[in-house]
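# Structure at a glance
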Amino acid sequence: MAYTAHFKVWRGDGSGGALQDFDVEVNEGEVVLDIIHRLQATQTPDLAVRWNCKAGKCGSCSAEINGRPRLMCMTRMSTFTEEQTIAVTPMRTFPVIRDLVTDVSYNYEKARMVPSFAPPADLAPGDYRMAQVDVERSQEFRKCIECFLCQDVCHVIRDHEPNKESYSGPRFLIRLAELDMHPLDTVDRRDVAVEDHGLGFCNITKCCTEVCPEGIKITDNGIIPLKERVVDKRYDPVFSVGSLFRKGQKRSAPPT
Amino acid sequence: MVGLAAKPYERTTTVVTAELERHTYDVVVIGAGGAGLRAAIEARSQGKRTAIVCKSLFGKAHTVMAEGGIAASMGNVNEHDNWQVHFRDTMRGGKFMNSWRMAELHAKEAPQRVWELETYGALFDRTPEGKISQRNFGGHEYPRLAHVGDRTGLELIRTLQQKIVSLQQEDFRASGDYESHIKVFAECTMTRLLKDKSGAMAGAFGYWRETGRFVVFEAPAVILATGGIGKSFKVTSNSWEYTGDGHALAMLAGGTTINMEFIQFHPTGMVWPPSVKGILVTESVRGDGGVLRNSEGKRFMFDYIPAVFKDQYAKSEDEADRWYTDPEHNKRPPELLPRDEVARSINSEVKAGRGSPHGGVFLDVSTRLPAEVIRKKLPSMYHQFMELADVDITAAPMEVGPTCHYVMGGVEVDPDTAAAVVPGLFAIGEVSGGMHGSNRLGGNSLGDLLVFGRRAGLGAADYIDKLGGAHPKVVDQIIDAAAAEALAPFREEGGENPYTLHMELQQTMNDLVGIIRTESEMTEALGRLEALKVRAANITVEGHRQFNPGWHLALDLRNMLIVSECVARAALLRQESRGGHTRDDFPQMSAEWRKVNLVCRVDENGVSIARQPLVPMRPDLLDLFEVDELEKYLTEDELPGGGH
């Protein structure tokens, strides 16, 4: 049942690197992360890789496998033929630290720009009442394990580095949508979504939804409804005329 | 290896201290799981500048793996629930070895800690009235676990992570700096705690995983929140981070650990395919109606209800099945016995030749619930089995078996403040000991993190206030010694491979100090551990210091060897079977042994163990139990005169 597979693993650091060839044993039921671990234990002990839970729950072992953004722990070897060469490369959207490990600090910076949950001031802990059907909309986005594969695949930042400045990527657009749909949140984040997070950059190609290991309908259930809510507010003819008379008024969400 | 604790180093280098990165904080929290984050929130809220130092990225800690829920007697589903019932369940689950004060604080404060999470933005599943829904779990008398499907840990850690971000936003508005009062140092491993001349906590030493550069945190208060020790075992639900760091750091700094012999083997881990062996299958499967069957199709748990629990569990399948819809008039199914009982029973069935094809038993929910309900209530399990094992749990049973899941033992702490015996050192969550006694109930871990995380934050703030500005000073020679120790694996050539040693350690603990233990096997284990310690002193690491997993493992091995020795020595001493410690040669529970905690220390001679009497339970808490139940656990002189 065991066989020898041919792997190409990208090795290097911020200054450059290359694919390195390995022949490595594969056993029944194994996933790509098992093979990377076997390489560490037997051939290349300093091969750098992030991982934690090995069960698709923590979102640490993100990489590109034959060019496709995936979790290594959830990519079974049985999805490849025994003859197939398997290339494992780091996520391309983020700067390489070493081997398969990338610098994902961009995501943590964007997370800090999202105005936090703000419940009604007079609502005491223990008195929160919400219907299951209402929390489910936000719960879908709270399934996010922050693997950042959606960020990796998003061409807005994957292919255009300068866009990182003004665009936060699908992960944080659904974070905004999640808070927007929270039944008890009191902040309006629509302006922030456009001005601070670049909602308009997303042209709904749905690549993010395709790679999401949690199956979150990022575009259909998160980004598109958020865009619609923004359009309702910013491009409503009546509202626009009204807003001419309210110039200089501060934005609906406090700057953070 | 352990000898390094006090041995003078041949080589010290002042170069290291010269190029050292230094940070000064009021509080340093080591570990960024639920406990560490909750402690940091509290310390920052008390006005203390707080550093969170963690081995992984922010938001990836092991808490993320918790599935079932947070036990808190909110009484949303069954109004009869209250803290007293929760307290009783916790003590029974731990077979009365628990620190009763911790169990009391936990039961009383868990509801407030859960409600508080809602103010941070958590979205739990709801009851029809819109309150937080609560589910059944092993050992809990009423539906008690607040949950989000089967991904409660993810919700907990993300909520706390986002609360910390919101505090940073507040700080930014006040100071122009997000990190003025709370900063996360991610992918940074601490290898030593640092003390001042008087023996008080003064900081911590470690390295950045990314660069390999050394870093020192100077702080009067250090809170350990490093989790457990499961990576010393071969079959485990734990991630690579669980190498007993906090346990070892505390003992190397003069602290003590208790209850290290008590290890929880979760009854239901995946057994197939081999690469996922040990990955957790949540207890919610049983809480929501799943049953255990052997190869003959029999619900074998009815044969394993122990005497101490015989009045609380159903005697027939009919009664057990009725309980799901009518818990007032029926007793609960024995599949929901505490985890230690279920794990042992599965072990016995497999040994008796009634196991599943891959050496487990069958956990079946497919014949018990409609497919759409399974996908709704257990989405992660559905996904996990579909993706990793090609099993559709809505159509076929799962194969499961015991997996090393949790260490009840940990740093000995003051129940109210989480303070360890070393002044300025605190420990919370899995790295602390006492709360769960000899066996933890499912759902009591997440509550533990929140209740004692908050208390440690308060305790640390209070400790600092009492110092009145006279902060302990780190001694530079200790830093040099810590740096030399960390660099040692690069010195030799042709030495031992850290991965090989780790595999041998895991095999040893799994085979000889596992779920069922005997004197001869544990003696053999101690011999093997001695040999591994000698070989570990001669590890060679290839490559350089930048993100080098071989080096990281080499350094973690010291901690794994220390905690493994504690487990094996304590387990050899305790001549009884109780909770997460089962002796084949001493199968009975002993009321005399219940009165004794085994306390581990590390000194120049290695691990030593002392016996220490348990603090007798406060009479008003003792009164919460019937005397005939207490008789099963306590010696005659301990029984209350005024019991009822």
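Residues numbered from 1 in each chain as written. Chains lettered and ligands numbered in written order. Predicted model: local features only at pLDDT ≥ 70, side-chain atom pairs only at ≥ 80, totals over all residues. Heavy atoms only, no water.

### Describing the overall build of chain A
Filter applied, for reference: To qualify as a helix, a DSSP run of H or I must reach at least 4 residues; to qualify as a strand, a run of E must reach at least 2; elements of each kind are numbered from the N terminus. Burial classes: relative accessible area under 20% of the type maximum marks a residue as buried, over 50% as exposed, and values in between as partly exposed (1.4 Å probe, protein chains only).
Helix and strand content of chain A: 10 helices and 7 strands. Seen through its principal axes, chain A has C-alpha atoms that stretch 70 × 40 × 25 Å. Across the 256 residues of chain A, 57% fall into the buried class.

### Quick look at the overall build of chain B
Convention followed: The reference for a compact globule is 2.2 Å times residues^0.38; the radius of gyration itself is calculated from the C-alpha atoms. Accessible surface is estimated by sampling points in the Shrake-Rupley manner with a 1.4 Å probe; for residues, cover comes only from the protein chains shown.
A count of helices and strands for chain B gives 19 helices and 20 strands. Over its C-alpha atoms chain B spans a radius of gyration of 24 Å, differing by no more than 12% from the 26 Å that the globule rule assigns to 644 residues. With respect to the principal axes defined by its C-alpha atoms, chain B has extents near 75 × 55 × 55 Å. Taken over 644 residues, chain B has a buried fraction of 67%. For chain B, the exposed area adds up to about 20700 Å²; of that, 49% sits on carbon and sulfur atoms.

### A look at the packing of aromatic side chains
Here a ring pair, both rings aromatic, is described through the centre-centre distance and the interplanar angle of the planes. All names here are of chain B. Threshold: Pairing of aromatic rings covers Phe, Tyr and Trp, the last counted by its six-membered ring, and requires centre-to-centre distances within 6.5 Å; plane angles under 30 degrees mean stacked, over 60 mean edge-to-face, and any other angle means tilted. A positively charged side chain is recorded as over a ring if its NZ (Lys) or CZ (Arg) lies within 6 Å of the ring centre. The angle to the ring normal must also be within 35 degrees.
Scanning all chains against the criterion turns up 20 aromatic pairs over all chains. On the numbers, 6.1 Å between centres and 55° between planes, the contact of F87 with F625 is tilted. With F87 in helix α3 (residues 83-93) and F625 in the loop between α18 (619-622) and α19 (627-630), the pair connects residues that are 538 residues apart, well separated along the chain. Classification of F87 as buried rests on a relative accessible area of 0%. Ring-pair connections join several aromatic residues into one group, and the members of that group are W83, F87, F96, F625 and Y633. The ring of F214 is capped by R545, whose NZ or CZ atom sits 4.5 Å from the centre of that ring.

### Looking at the nonpolar core
The criterion, for reference: Among buried residues, the Ala, Val, Leu, Ile, Met, Phe, Trp, Tyr and Cys ones that are joined through side-chain atoms within 4.5 Å form a nonpolar core. In this description, contact between two residues means that some pair of their heavy atoms is separated by no more than 4.5 Å.
The biggest cluster of nonpolar side chains holds 197 residues, and the ones touching the most others in it are F7(A), I36(A), M72(A), M77(A), L193(B), F217(B) and L224(B). Once you skip the residues sitting within four places of it in the chain, F7(A) turns out to touch Q20(A), D21(A), F22(A), V24(A), V32(A), I35(A), M77(A), I86(A) and V88(A).

### Overview of the interface of chain A and chain B
Inclusion rule: The term buried area denotes the loss of accessible surface (1.4 Å probe radius) that occurs when two parts are joined, taken as the sum for both partners. We count a salt bridge whenever a side-chain nitrogen from Lys or Arg sits within 4 Å of a carboxyl oxygen from Asp or Glu. Here a polar contact means two N or O atoms within 3.5 Å. Within protein one must be a hydrogen donor candidate and the other an acceptor candidate, and residues neighboring in sequence count only if both atoms are side-chain atoms. Under the scheme applied, nonpolar residues are Ala, Val, Leu, Ile, Met, Phe, Trp, Tyr, Cys and Pro; charged residues are Asp, Glu, Lys and Arg; polar residues are all the others, including Gly.
Residue-level contacts link 63 residues of chain A with 68 residues of chain B. A per-residue breakdown of the area chain A buries against chain B is headed by K57(A), R112(A) and R142(A), which together make up 15% of the total. Applying the counting criterion to the chain A and chain B interface returns 7 salt bridges. Summed over the shared surface of chain A and chain B, the number is 43 residue pairs in polar contact (both at pLDDT 80 or more). For the side of chain A that touches chain B, the secondary-structure elements that each account for two or more residues are α1 (32-42), β6 (96-98), α2 (105-111), α3 (132-142) and α6 (170-181) of chain A. Considered class by class, the residues forming the side of chain A that touches chain B number 33 nonpolar, 12 polar and 18 charged.

### Quick word on the environment of G550(B)
Position of G550(B) relative to the elements: it lies in helix α16 (residues 549-573). Assessed through its relative accessible area of 2%, G550(B) is described here as buried. On a C-alpha basis, the gap between G550(B) and K163(B) in space is 35 Å, while along the polypeptide they are 387 residues apart. If sequence neighbours within four positions are ignored, G550(B) has contacts with P45(A), P498(B), Y499(B) and V541(B).

### Let's talk about the sheet that holds strand β2 (residues 27-30) of chain B
All names here are of chain B. Put simply, the rule is: Any two strands with at least two DSSP bridges between them are considered paired. Helix axes are fitted only over the stretch in contact, all axes being lines through C-alpha atoms; the angle between N-to-C directions runs from 0 to 180 degrees.
Strand order in the open sheet formed by 5 strands is β7-β3-β2-β11-β18, with parallel pairing between adjacent strands. Each edge of the open sheet is held by one strand with a lone partner, namely β7 (182-186) and β18 (425-427). In this sheet, neighbouring strand axes are inclined to one another by 20° on average, regardless of whether the strands run parallel or antiparallel. For strand β11 (residues 221-224) and β18, the ladder comprises 3 bridges, and the chain directions are parallel. Within the sheet, the bridge partner assigned to I223 lies in β18 and is F426.

### A few points about empty space enclosed by the protein
Residues and elements named next belong to chain B. Formally: Within this scheme a cavity is a closed region of a 1 Å grid, computed over the protein atoms alone, that accommodates a 1.4 Å probe without allowing it to escape, whereas a pocket is open but has protein on both sides within 12 Å along at least five of seven lines; lining residues each have an atom within 4 Å of a point. Grid points are joined across faces, edges and corners, and a volume is the space filled by probe spheres set on the points.
Under the defined criterion, the tally for this structure stands at 8 cavities of 30 Å³ or more. Approximately 660 Å³ is the volume attributed to the largest cavity. Residue lining of the largest cavity: 50 residues in total, with H62, T63, Y242, E430 and L449 positioned closest to the centre. The class makeup of the residues in the lining of the largest cavity is 20 nonpolar, 21 polar and 9 charged.

### As for the pattern of salt bridges
All names here are of chain B. Evaluation of the coordinates by the stated rule reveals 81 salt bridges over all chains. For the salt bridge of E42 with R38, the shortest nitrogen-to-oxygen distance reads 3.0 Å. Separated by 4 residues within a single helix, E42 and R38 lie in helix α2 (residues 34-45), roughly one turn from each other. Of the two residues, E42 and R38, both sit in the buried class. The residue E565 makes a salt bridge to R569 at a minimum N-O spacing of 2.8 Å.

### So, unusual backbone geometry
The step from W272(B) to P273(B) runs through a cis peptide bond, and the omega angle for that step is -5°. Inspection of the secondary structure puts P273(B) in the loop between β13 (263-270) and α7 (284-287). One non-glycine residue with positive phi stands out, namely D99(A), at about 50°. The phi torsion at E187(B) lies on the positive side, around 55°, for a residue other than glycine. Note on placement: E187(B) falls in the loop between β7 and β8 (188-195). Here E187(B) falls in the buried class, since its relative accessible area comes to 7%.

### Examining the sheet that holds strand β4 (residues 70-71) of chain B
Read across the sheet, 3 strands follow the order β4-β6-β5 (chain B) without closing on themselves; strand pairing throughout is antiparallel. Since the sheet does not close on itself, it has two edges, and those belong to β4 and β5 (134-135) of chain B, each with one partner.

### Describing the confidence of the model for chain A
Interpretation of the predicted coordinates at a detailed level should be avoided for regions scoring low in pLDDT. We apply this condition: Each residue carries a pLDDT score, the predictor's confidence in it, ranging from 0 to 100.
Per-residue confidence for chain A averages 93 on the pLDDT scale, and 93% of its residues sit at or above 70. Every residue in residues 247-251 of chain A scores below 50 in pLDDT, and together they form 3 contacts with partners more than four places removed in sequence or on other chains.

### Side note on the state of the cysteines
Rules: Cysteine sulfur pairs qualify as disulfides if the two atoms are within 2.5 Å.
With the rule as written, the count across this model stands at 0 disulfides over all chains. C144(A) takes part in no disulfide bond, and the closest cysteine sulfur to it belongs to C150(A), at a distance of 6.3 Å. Cysteine C566(B) is unpaired, with the sulfur of C600(B) as its nearest cysteine sulfur at 4.0 Å.

### Observations regarding α3(A)
All buried positions along α3(A) are accounted for by V135(A), S138(A), Q139(A), E140(A), F141(A) and R142(A). If you follow the buried residues of α3(A), they end up packed against α6 and α9 (218-234) of chain A together with α5 (152-175) of chain B.

### Considering a negative patch on the surface
Residue and element names in this part refer to chain B. Our working rule: Patch definition: residues above 30% relative accessible area lacking any salt bridge, with like charges linked at up to 9 Å and the nonpolar side chains Val, Leu, Ile, Met, Phe, Trp and Tyr linked at up to 5 Å. Positive residues here are Lys and Arg, negative ones are Asp and Glu, while His and the chain termini are left out of the count. By convention, charge coordinates are those of NZ in Lys, CZ in Arg, CG in Asp, or CD in Glu.
A contiguous patch of negative charge, built from E626, D628, E631, E636 and D637, is present on the exposed surface. Within the secondary structure, E636 is located in the segment after α19. Look at E636 and you get exposed, because its relative accessible area is 71%.

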